[in-house]
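Coordinates in review
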Amino acid sequence: MRKRTEPVALEHERCAAAGSSSSGSAAAALDADCRLKQNLRLTGTAAEPRCAADAGMKRALGRRKGLWLRLRKILFCVLGLYIAIPFLIKLCPGIQAKLIFLNFVRVPYFIDLKKPQDQGLNHTCNYYLQPEEDVTIGVWHTVPAVWWKNAQGKDQMWYEDALASSHAIILYLHGNAGTRGGDHRVELYKVLSSLGYHVVTFDYRGWGDSVGTPSERGMTYDALHVFDWIKARSGDNPVYIWGHSLGTGVATNLVRRLCERETPPDALILESPFTNIREEAKSHPFSVIYRYFPGFDWFFLDPITSSGIKFANDENVKHISCPLLILHAEDDPVVPFQLGRKLYSIAAPARSFRDFKVQFVPFHSDLGYRHKYIYKSPELPRILRPQQDPGSSPDPSMSEPV
């Protein structure tokens with residue numbers, strides 16, 4: 001019996017020992033598993049910010065890349081347009097003509113050109129002339145300011161008869177863009193009217209409410225028609241022609257033609273003039289981005305000539321026989337001052353002016369008159385005031401430099 005029970009006891013002891021060892025190893029395994037999970041949690045919490053930072057960086061890089069791609073597309077589009085424009089202008093010269101005339105730019109907007117009184121010109125009459133068939137031009141006639149009260153309610157016939165009075169007349173030829181109702185133009189009419197002048201101005205065909213297609217020949221013919229219309233009503237009163245900017249090209253075309261037919265005006269006044277349209281186009285601020293473009297003349301200037309646009313002031317002044325006054329601001333950003341000076345240097349020694357005075361009046365850049373504000377000069381009345389007999393009509397050619 002003892003031998004049989006001993007193995008059983010031993011077996012029980014071995015089982016207990018095995019059980020205790022297995023439970024110990026299970027506990028150890030459990031502890032190890034807990035430590036592993038804790039380590040993984042700690043590692044995960046530390047990695048989360050790193051992952052978020054990486055994701056944010058990737059998004060930022062993605063946005064930058066997208067922005068760079070968009071900028072590159074825009075750059076290529078701008079470059080393509082920059083290269084295409086010269087070819088477009090070369091193939092369609094009419095575009096260049098439109099850019100020179102800018103007759104489609106009507107400023108100020110929403111004004112009724114039939115009512116000059118809306119612009120503060122209560123002594124002005126609006127009427128229409130017909131230089132050619134299918135061409136009608138709108139005209140404003142402002143009488144001297146001293147007649148302001150007498151002019152109220154008067155009709156066109158009264159204004160036409162007034163041209164025969166003893167007051168001198170200025171035919172004003174405006175530049176490109178806008179209409180005869182432009183703000184700076186209206187201010188000049190007021191100044192000249194206050195100095196005792198009749199002021200007659202008009203919109204060339206294709207400008208404002210005038211009917212027709214603009215061209216250099218057409219603009220010149222319109223001016224000739226208005227001049228003849230004035231002379232037919234003004235008797236022996238002096239008639240001066242005043243051109244501004246592009247209007248100086250029309251003015252010299254007109255006066256050259258008048259001199260050739262031996263009916264010159266009493267004086268020619270050029271405000272902010274250029275030498276010729278090619279030099280002006282090359283000097284214009286809009287041409288800066290293309291000035292050094294290969295073939296600039298061929299692309300941009302030749303189409304102007306092929307469109308029949310020259311406005312050759314430098315050639316015209318050699319055939320003009322009447323007093324000449326040139327006004328130019330040194331800070332003119334549209335027509336460079338040196339072009340006005342150059343035109344004077346061409347005109348002064350010309351044989352056609354040997355019996356007439358040629359005057360150049362510069363305005364210092366500190367005055368800020370730029371391209372169209374010379375009318376603000378307090379010296380303007382003195383420049384236009386006669387220097388001879390005080391009782392005679394004003395003669396702009398007798399002015400002195402500012």
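Reading guide: rules and limits
- Here the residue index of a chain counts from 1 through its sequence in written order.
- Since the coordinates come from a predicted model, pLDDT governs what is reported: local features require at least 70, and pairs of side-chain atoms require 80 or more to be given and counted, while whole-chain, interface and lining totals use all residues.
- Computation of side-chain values: all heavy atoms of the structure, hydrogens and water removed.
- UniProt positions are given in the numbering used here, feature names are shortened, and annotations may be inferred rather than shown by experiment.
- Angles run from 0 to 180 degrees between N-to-C directions of axes, and those axes are lines fitted to C-alpha atoms, restricted for helices to the stretch in contact.
- Helix and strand assignments follow DSSP, with helices taken as H or I runs no shorter than four residues and strands as E runs no shorter than two, numbered in order from the N terminus.
- Angles are sorted into four bins: roughly parallel if under 35 degrees, roughly antiparallel if over 145, roughly perpendicular if 65 to 115, and oblique for all others.
- Pairs of residues are marked as contacts when any of their non-hydrogen atoms sit within 4.5 Å.
- Three categories are distinguished: nonpolar for Ala, Val, Leu, Ile, Met, Phe, Trp, Tyr, Cys and Pro, charged for Asp, Glu, Lys and Arg, and polar for the others, with Gly belonging to the last.
- For Phe, Tyr and Trp, where Trp contributes only its six-membered ring, two rings pair if their centres lie within 6.5 Å, and the inter-plane angle classes them as stacked under 30 degrees, edge-to-face over 60, or tilted in between.
- Only protein chains enter the accessibility calculation, which uses a 1.4 Å probe; a residue is then buried when its area is under 20% of its type maximum, exposed when over 50%, and partly exposed in between.
- Here a crossing is called left-handed whenever its near helix is offset anticlockwise from the far helix by less than a right angle, and right-handed whenever the offset is clockwise.

For the chain, the name recorded in an unreviewed UniProt entry is Lysophosphatidylserine lipase ABHD12, with Macaca fascicularis as its organism. The chain has a UniProt comment under Subcellular location (unreviewed entry) that states "Endoplasmic reticulum membrane".

**Some thoughts on the packing of helix 2 (residues 93-101) against helix 8 (residues 296-306)**
Relative orientation of the contacting elements helix 2 and helix 8 amounts to 85°, with a least axis distance of 8 Å. Here helix 2 is positioned roughly perpendicular relative to helix 8, judged by the angle of their axes. Between helix 2, through P93, Q96 and I100, and helix 8, the contact on the second element is made entirely by F300, P303, I304 and S306. Here the contact of helix 2 with helix 8 is built from residues that sort into five nonpolar, two polar and no charged.

**Focus: the packing of aromatic side chains**
In the structure shown here, the tally under the stated rule is 22 aromatic pairs. For the pair Y82 and Y290, a centre-to-centre distance of 4.5 Å together with 5° between the ring planes defines the contact as stacked. Note that Y82 is positioned in helix 1 (residues 2-91) and Y290 in the loop between helix 7 (277-283) and helix 8, a separation of 208 residues in sequence. The class for Y82 is partly exposed, based on a relative accessible area of 27%. Ring plane angle 65° and centroid distance 5.7 Å describe the contact between F337 and F360, whose orientation is recorded as edge-to-face. Here F360 lies in strand 8 (residues 358-363) and F337 lies in helix 10 (residues 337-347), a separation of 23 residues in the sequence. Relative accessible area serves as the criterion here: at 15%, F337 is assigned to the buried category.

**Notes on the packing of helix 5 (residues 216-234) against helix 6 (residues 246-260)**
It is the contact of helix 5 with helix 6, at a shortest axis distance of 9 Å, that shows an interaxial angle of 60°. With respect to each other, helix 5 and helix 6 are oriented oblique. Between helix 5 and helix 6 lies a crossing of right-handed hand. Taken together, the residues of helix 6 that come into contact with helix 5 (itself represented by E216, M219, T220, Y221, A223, L224 and F227) are L246, V250, N253, L254, R257 and L258.

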